Amino acid sequence: MNPVVESALAAIPSVEVWNANLDELKRLVSIYGNDCKRSIADEAAKRGYLWNSTQMTYVHPWPMIAVNHPGRLLGVGWRSGQLACIFQSKNGPVRYESASHEIPKETADKLVRSLYCDNLYKQLIKDKGIIMMRIG
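Because the structure is predicted, anything quoted here is derived from the model rather than measured.

**Q** Explain the overall build of the chain to me, please; I cannot follow it from the model alone.
**A** Helices and strands together make up the secondary structure of the chain, namely six helices and seven strands. The N-to-C order of helical and strand elements in the chain reads α-α-α-α-β-β-β-β-β-β-α-α-β. Its C-alpha atoms put the chain at 55 × 30 × 25 Å along the principal axes. The buried share among the 136 residues of the chain stands at 34%. In the chain, once contacts between residues fewer than 6 apart in sequence are set aside, the share between residues at least 24 apart is 45%. Looking at the chain as shown, the accessible area adds up to about 8,600 Å², and 54% of this sits on carbon and sulfur atoms.

Structure, rendered in structure tokens:
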């Protein structure tokens, strides 16, 4: 990969920043050609970004996995260091996402496999002071 393209891609931390730099990525392709275009496409695929032709932007989907032994916690998802959890509430399922992008994937895996996922959530997330924002 071209070092200029490589350093530009390394400086893009998230799908939101990727989308904000689409014009710059197009400019790099116009300068460096099809090899650059392939490198950018390969990096997007490696990160799990998918092209949304309706919105004309990349998206980073959340793969959600049902926990093995549900209590209030029903499902867990992880992407790029961010955790998503779906809890059962009186009014139906509610989704929360972590404000932090520094949660290891192993945390999500542990929550999915746990016999007591509600208690483990409290130990790994709540007691550690990780902020979870209500999304839905």
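**Q** Any chance you could explain the environment of Trp-62 here in plain terms?
**A** The residue Trp-62 is located in the loop between strand E2 (57-59) and strand E3 (64-66) in this model. Residues Trp-62 and Val-76 lie 14 residues apart in sequence; the distance between their C-alpha atoms is 9.5 Å. Beyond its immediate stretch of four places on either side in the chain, Trp-62 contacts Gly-77, Trp-78, Arg-79, Gln-82, Leu-83, Ala-84, Arg-95 and Glu-97.

**Q** Explain the sheet that holds strand E7 (residues 132-134) here, please?
**A** Paired through their backbone hydrogen bonds, the strands of a sheet run either parallel or antiparallel. Taken in spatial order, the five strands make up an open sheet running E3-E4-E5-E6-E7, and their pairing is antiparallel. At either end of the open sheet lies a strand with only one pairing partner, and these are E3 and E7. The sheet shows a mean angle of 25° between the axes of neighbouring strands, taken without regard to direction. In this structure, strand E4 (residues 73-79) lies alongside strand E5 (residues 82-89), joined through six bridges in antiparallel fashion. Within the sheet, the bridge partner assigned to Leu-73 lies in E5 and is Phe-87. Along the sheet, helix H5 (residues 105-113) makes contact with E3, E4 and E5, crossing E4 at roughly 160°.

**Q** Mind showing me how you'd approach the pairing of strand E6 (residues 92-98) here?
**A** It is a general feature of regular strands that their side chains alternate between the two faces of the sheet. Here E5 pairs with E6 via six bridges, running antiparallel. Counted as the bridge partner of Gln-88 is Pro-93 from E6. As judged from the three bridges shared by E6 and E7, these two strands associate in the antiparallel manner. Bridged to Ser-98 within E7 is Met-132.

**Q** What am I meant to see in the pattern of salt bridges here?
**A** Side-chain pairing between opposite charges can occur once the charged atoms of the two side chains come close. Inspection of the entire model under this criterion finds seven salt bridges. Put simply, Asp-35 and Arg-38 hold a salt bridge, and the shortest N to O gap is 2.5 Å. Residue Asp-35 and its partner Arg-38 are located together in helix H4 (residues 34-47), separated by three residues, close to a single helical turn. Where salt bridges share partners, they join Glu-43, Lys-46 and Arg-47 into one cluster.

**Q** Even after reading the chapter, I still don't get unusual backbone geometry, so can you show me in this structure?
**A** Comment: phi is negative for the bulk of residues other than glycine, and the bulk of peptide bonds are trans. Backbone geometry places Met-56, a non-glycine residue, at a positive phi of 60°. Looking at the secondary structure, you find Met-56 in the loop between strand E1 (50-52) and E2. Despite not being glycine, Ser-80 shows a phi value in the positive range, around 45°. Assignment of secondary structure puts Ser-80 in the loop between E4 and E5.

About the criteria used
- Every chain begins its residue count from 1, and numbering advances along the sequence as written.
- Selection of residues for local features in this predicted model requires a pLDDT of at least 70, selection of side-chain atom pairs for listing and counting requires 80 or more, and totals for whole chains, interfaces and linings are taken over all residues.
- Side-chain figures throughout are based on the complete set of non-hydrogen atoms in the structure, without hydrogens or water.
- Only DSSP runs of H or I with at least four residues qualify as helices, and only runs of E with at least two residues qualify as strands; both kinds are numbered from the N terminus onward.
- Burial classes: relative accessible area under 20% of the type maximum marks a residue as buried, over 50% as exposed, and values in between as partly exposed (1.4 Å probe, protein chains only).
- When checking whether two residues touch, look at their non-hydrogen atoms; a contact exists if any pair is within 4.5 Å.
- The accessible surface values rely on the Shrake-Rupley method and a 1.4 Å probe; as for residues, cover is taken only from the protein chains in view.
- If DSSP finds at least two bridges between two strands, the strands pair.
- Lines fitted to C-alpha atoms define the axes here, with helix axes fitted over just the stretch in contact, and angles between the N-to-C directions of these axes take values from 0 to 180 degrees.
- For this analysis, a salt bridge means a side-chain nitrogen from Lys or Arg found within 4 Å of a carboxyl oxygen belonging to Asp or Glu.

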